[in-house]
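Per-entry structural report
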Amino acid sequence: MSKSNLGILVLDNFKEFGQKVQKHLEKIRNTDKNYLINIDSCRFSNGEGKATIIDSIRGKDVFLLSDVGNYGDESMYQSRCNKYLKSPDDHFQDIKRVISAMNGKENSLHVVMPLLYQSRQDKRKACESLDCSEALRELEHRGVDGIITFDVHNPAIENALQNCSFDNLYPTYSILSRFIEDEEYDPNNLMIVAPDTGAMDRAIYYADSLGVDVGVFYKRRDFSKVVNGKNPIVEHKFLGNDVEGKDLIITDDMIASGTSILEVAYDMKKRGANKIYLVATFPLFTEGEKSVKAFDDAKKQDIFYKLYTTNVTYVPDYIKEKDSVFNNSRTNLLKIVSTSLKALTVLTTSVATISVKFSLYLLVIEFNVSLIPFFNAFFESLRLFRILA
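Residues numbered from 1 in each chain as written. Predicted model: local features only at pLDDT ≥ 70, side-chain atom pairs only at ≥ 80, totals over all residues. Heavy atoms only, no water.

**A word on the pairing of strand β4 (residues 61-65)**
So the rule is basically this: Relative accessibility decides the category of a residue: with a 1.4 Å probe and only protein chains considered, values under 20% of the type maximum give buried, values over 50% give exposed, and everything between is partly exposed. Here a strand is any run of E in DSSP of at least two residues, a helix any run of H or I of at least four, and the numbering for each starts at the N terminus. For two strands to be treated as a pair, DSSP must find at least two bridges joining them.
Burial within β4 is extensive, with five of its five residues counted as buried. Going residue by residue along β4, you find Asp61, Phe63 and Leu65 tucked away on one face and Val62 and Leu64 tucked away on the opposite face as well. By the bridge criterion, five bridges tie strand β1 (residues 6-10) to β4 in an arrangement that is parallel. In the strand pairing of β4, isoleucine 8 is matched with phenylalanine 63. Taken together, the five bridges between β4 and strand β7 (residues 108-112) define a ladder with parallel strand orientation. Within β7, the residue paired with phenylalanine 63 across the bridge is histidine 110.

Okay, structure coming up:
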C-alpha cells in the first residue's frame, strides 16, 4: 500500500476517533499530509438522506470508519421540523450511501465497524430474519474488500462472506494489561466466570492468560415467551468449582441493559465470592440511566469491585460526567495516564488512556488502545498483521 494512496473516510458518528487516527498517522509517517476525505452527509426535509464525496478518492486505498452504535448529538437529524436519533439501521444505511457515492473509483475499500451491525442477530430460528449475514453479504456485493470489527458476538459470522476479508480483533490484551497493572491478585485465588456458554471462549482465553480456573453459567430460558426480542432468562445455573473467598472476573462481549452480568455477580456474591471484577468490550447501557443506577446500586451493596470496559463504541457524556449517580461529592473524574503497547508489527507506540473513576470502581475507557495500534500496522502492511501480543 502506497503512503500517498491512503484515504480515511470518517462518518459523523466516529469523527473524534477519525481525528485521532489522522494525528497518529502524521506522527508515525512523519508527515503533515491530511488523509481524511471530506464528505457531506445531509437529509432532505422529509428525512431522506444523501451522501456526497467532496475530495477525490480515485485510486486510493480507502478505510471507511463508522460507529453504528453511536446515539449522541452527532447522530441526530431533522425531518418535518422534528429531531430524530439515528438507529443502527440508519447508520448502516449511511455506510451504504457513502459506498454508493464512491462509485467504484477507489482502489480498495475496507469498512471499519468496531461494533458489528446486527451482530446479535447472527443466526436464524424458525421464521426469524438473518440480519447480520445479509448485511455482510450486502457490503461484499457492493465491492467492499474487507470488514474490520471488534469482539464480534459470534465469530462464525464471517462464514457469510466468500471473497471479502473479515478481521475480528479483541481488546483482551489491553484489558488484561491494565488489570495486571492496576490490581493486586493471587492467581491461586482467582477464577474467570463466563455469564453464559456463548462467552466461554473469551473466558478460557482470560483463564489461560492468567493461569487460573474457569467456570460458566447456563442460562435457562422460557422459550414460550418473547420479551424485548429475546426469550426471558428464568434461571442461572453455575457450572464450576466453589467460589467462596475467591476473586472473580466475569467477562462478556457487551453490557446491554446490564441485567445478565449483574445477576451473575449477585449470584456469585451469595456464594461467598470476594472481589468481583466485571469486564466487557461494549458498554451499551441500553436502558440509559436505569442501567447506570443498577450498576450504582450493585456497587453500593459491594456486589462488584470494578468494571473494565472500552470505548470502541460510543459512551455518552452523562455516564462519564454524572458523578452524582456514583458519588455525592465532586471528584476529578478524568485522569489521563499513558501506557505503551506492542503494535501489530515490530512498531511500538505510546498511547493515552482515560480512566474514569466512578465512586470506588473504575470504568476504563481506552482511547486508542485497541484501534490505533491496529491502524499503525494495518495501514503500512495490509495483510501482515496479527492480534496484539
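From this point, the narrative continues.
**Quick look at helix α2 (residues 88-102)**
What counts here: The span one expects for a helix is its residue count, reduced by one, times 1.5 Å. Contacts are residue-level and defined by heavy atoms, with any inter-residue pair within 4.5 Å sufficient.
Here α2 spans 21 Å end to end across 15 residues, near enough to the 21 Å set by a 1.5 Å rise per residue. The complete set of buried residues in α2 reads His91, Phe92, Asp94, Ile95, Lys96, Arg97, Val98, Ile99 and Met102. Where α2 is buried, its residues contact β1, β2 (39-43), β3 (49-53), β4, β7 and α3 (131-141). Trailing α2 by a residue or two, asparagine 103 shows a phi angle of about 60°, which is positive.

**Quick word on unusual backbone geometry**
At alanine 126, a position not held by glycine, the phi torsion is positive, near 55°. Structurally, alanine 126 can be placed in the loop between β7 and α3. Looking at alanine 126, the relative accessible area reads 76%, which means it is exposed. Positive phi, normally seen in glycine, also occurs at aspartate 302, with a value near 60°.

**A short note on the sheet that holds strand β9 (residues 165-169)**
Short version of the rule: Fitted lines through C-alpha atoms give the axes, limited to the stretch in contact for helices. The angle between two N-to-C directions lies from 0 to 180 degrees.
Pairing is parallel in the open sheet, where five strands are placed in the order β1-β4-β7-β8-β9. With one partner strand each, in any of the chains shown, β1 and β9 form the two edges of the open sheet. Between one strand axis and the next, the sheet turns through 20° on average, direction left out of account. Where β7 and strand β8 (residues 146-150) come together, three bridges link them in parallel fashion. Paired with valine 112 across the bridge in β8 is isoleucine 148. Along the sheet face, helix α1 (residues 15-29) touches β1 and β4 and points at about 160° away from the line of β1.

**Regarding the environment of leucine 6**
Following the sequence through the fold, leucine 6 ends up in strand β1. Leucine 6 sits in the buried class, given a relative accessible area of 1%. Separated by 28 residues in sequence, leucine 6 and asparagine 34 have C-alpha atoms that sit 9.8 Å apart.

**Comments concerning the nonpolar core**
Our working definition: We call a set of buried Ala, Val, Leu, Ile, Met, Phe, Trp, Tyr and Cys residues a nonpolar core when their side-chain atoms join them within 4.5 Å.
Core analysis: the largest hydrophobic core is formed by 50 residues, its most contacted members being Leu65, Ile95, Leu116 and Ile147. Ranked by residues supplied to this core, first place goes to α2 with five residues. Not counting residues within four places of it along the chain, the set of residues in contact with isoleucine 95 comprises Leu11, Leu64, Ser66, Val68, Met113 and Leu139. Counting 26 residues, the second-largest nonpolar core is a separate cluster that includes Phe238, Val243, Ile261 and Val292.

**A word on the environment of isoleucine 303**
As for its position among the elements, isoleucine 303 is in the loop between α7 (289-300) and β15 (306-308). Ignoring anything within four residues of it in the chain, the contact list for isoleucine 303 reads Ala265, Tyr266, Lys269, Ile276 and Ala298.

**Here we look at the packing of helix α6 (residues 259-270) against α7**
Applicable threshold: Here the angle decides the label: under 35 degrees means roughly parallel, over 145 means roughly antiparallel, 65 to 115 means roughly perpendicular, and every other value means oblique. Crossings are sorted by hand: turned counterclockwise from the far helix by less than a right angle, the near helix makes the crossing left-handed, and turned clockwise it makes it right-handed. In the scheme used here, Gly and all other residues not listed as nonpolar or charged are polar, with Ala, Val, Leu, Ile, Met, Phe, Trp, Tyr, Cys and Pro taken as nonpolar and Asp, Glu, Lys and Arg as charged.
Where α6 contacts α7, the axes come no closer than 11 Å and their chain directions differ by 15°. Viewed along their axes, α6 and α7 adopt a mutual orientation that is roughly parallel. With respect to the hand of their crossing, α6 and α7 are arranged in left-handed fashion. When α6 is examined against α7, the residues Ile261, Leu262 and Tyr266 are found in contact with a partner set consisting of Ala294, Phe295, Asp297 and Ala298. Its residues assigned to classes, the contact of α6 with α7 comprises six nonpolar, no polar and one charged.

**Description of the packing of aromatic side chains**
Rules: Only the six-membered ring of Trp is used, alongside the rings of Phe and Tyr, when aromatic pairs are assigned; centres must lie within 6.5 Å, and planes under 30 degrees apart are stacked while those over 60 apart are edge-to-face, with the rest tilted.
A complete count under the given rule lists 11 aromatic pairs for this structure. Ring centres of tyrosine 77 and tyrosine 84 lie 5.8 Å apart, and the angle between their planes is 35°; this geometry places the pair in the tilted category. Looking at tyrosine 77, the relative accessible area reads 17%, which means it is buried. Geometrically, the ring pair formed by phenylalanine 217 and phenylalanine 238 is tilted, given 5.1 Å between the ring centres and 45° between the ring planes. Placement of the pair is phenylalanine 217 in strand β11 (residues 213-221) and phenylalanine 238 in strand β12 (residues 233-239), with a sequence separation of 21 residues. Residue classification places phenylalanine 238 among the buried residues on the basis of a relative accessible area of 14%.

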